[in-house]
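Geometric and topological summary
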Amino acid sequence: MSYDLDLFIPQANIDPITTIQEAALHADSAQHPINHTLITVLKKDNPEFHVQKTDAAIGIIEHTHGIKISLYYNGGQVNIPYWHSDQQVQRIVFWNVRRYLRLIQAETDYAIYDSQLGRVVTIEDDIPTIIASYQRAIANMPSFL
């Protein structure tokens, strides 16, 4: 289980969820120049990233905090695991996520959809709201997690 942020290219008069779902069903390869540029930019920022490539997706994984960035043909997703219960660690994790998303958005036209909040977010303005949503989700999880 993870807190998920979807990356998509906004389409005029089309609901973000529809755009995200259509991109997920797209059969073209994730192996294209923009994604390779994103790999280079993200690895320059964090050399500890581990990259896994398939034709359908590219996974860029930060093992320290479990952050995973998945890139597809025309979009992607950022996953933050729900194992960060310490608020100081949460701030570090989401500071890193914000930094990664800034880099991605500098190279692409991607917007960010937060499915937990049910809306498009801006990483600069909404990070406190995103962290609060993450904290609520953890508080509502069964004790075995």
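Structure first, text after, so check above.
Residues numbered from 1 in each chain as written. Predicted model: local features only at pLDDT ≥ 70, side-chain atom pairs only at ≥ 80, totals over all residues. Heavy atoms only, no water.

**Re the overall build of the protein**
Cut-off, in case you're wondering: Put simply, DSSP marks the helices as runs of H or I at least four residues long and the strands as runs of E at least two long, and each gets a number from the N terminus on. The reference for a compact globule is 2.2 Å times residues^0.38; the radius of gyration itself is calculated from the C-alpha atoms. For the exposure calls, accessible area comes from a 1.4 Å probe over protein chains only, and a residue counts as buried if that area is under 20% of its type's maximum, exposed if over 50%, partly exposed in between. Should any heavy atoms of two residues lie within 4.5 Å, those residues are counted as being in contact. Methods summary: accessible areas were calculated by the Shrake-Rupley approach with a probe of 1.4 Å, and residue burial reflects only the protein chains presented.
Check the secondary structure of the protein and you find four helices and seven strands. For 145 residues, the compact-globule formula gives about 15 Å, and the C-alpha radius of gyration of the protein, at 15 Å, lands near that figure. Once the C-alpha set of the protein is aligned to its principal axes, its extents read approximately 40 × 40 × 30 Å. Here the protein holds 145 residues, and 45% of them are scored as buried. Looking at the protein alone, contacts between residues at least 24 apart form 58% of all its contacts between residues at least 6 apart. Carbon and sulfur atoms form 53% of the exposed surface of the protein, whose accessible area is close to 7,900 Å².

**Looking at the sheet that holds strand β4 (residues 67-72)**
Rule in force here: A strand pair is defined by DSSP finding two or more bridges across the two strands. Axis definition: a line fit to C-alpha positions, over the contact stretch in the case of helices; interaxial angles, taken between N-to-C directions, run 0 to 180 degrees.
If you trace the seven strands from one edge of the open sheet to the other, you get β2-β3-β4-β5-β1-β6-β7, paired in antiparallel fashion. With one partner strand each, in any of the chains shown, β2 (50-53) and β7 (119-121) form the two edges of the open sheet. Neighbour to neighbour, the strand axes of the sheet diverge by 25° on average, direction disregarded. In this sheet, strand β5 (residues 75-81) lies alongside β4 in antiparallel orientation, the contact comprising five bridges. The partner of Y72 across the bridge, within β5, is G75. Against the sheet, helix α4 (residues 123-139) touches β1 (2-8), β5, β6 (111-114) and β7, its axis set at about 125° to β7.

**Concerning the packing of aromatic side chains**
Note the threshold: Stacked, tilted and edge-to-face are the three classes applied to pairs of Phe, Tyr and Trp rings, where Trp contributes its six-membered ring and a pair requires centres within 6.5 Å; stacked means planes under 30 degrees apart, edge-to-face means over 60, and tilted covers the rest.
Using the criterion set out here, one finds six aromatic pairs in the structure. Between the aromatic rings of Y3 and Y82, the centroid separation amounts to 6.3 Å while the plane-to-plane angle is 80°, which identifies the pairing as edge-to-face. Of this pair, Y3 sits in strand β1 while Y82 is found in the loop between β5 and α3 (87-107), placing the two residues 79 residues apart along the sequence. The same class applies to Y3 as to Y82, namely buried. Relative to Y100, the ring of F49 has its centre 4.9 Å away and its plane inclined at 55°; by these criteria the two rings are tilted. In this pair, F49 sits in the loop between α2 (33-45) and β2 while Y100 sits in helix α3, placing the two residues 51 residues apart along the sequence. Judged by its relative accessible area of 2%, Y100 falls in the buried class. These aromatic residues form a ring-pair network of at least three members: Y3, Y82, F94 and Y134.

**Observations regarding α2**
Using the following cut-off: By definition here, a helix of n residues has an expected span of 1.5 Å times n minus one. Directions are taken from the helix axis to each C-beta atom, and the arc is the one they span.
In this model α2 runs 18 Å from its N-terminal to its C-terminal C-alpha over 13 residues, within 8% of the 18 Å that 1.5 Å per residue would give. Listed in full, the buried residues belonging to α2 are N35, L38, I39 and L42. End-on view of α2: buried residues confined to an arc of 105°, all on one side of the axis. Across α2 from its buried face, at more than 90 degrees, point the exposed residues P33, T40 and K44. Buried positions along α2 lie against β2, β3 (58-62), β4 and α3.

From the geometry alone we can't say anything about function, so treat these as descriptive.
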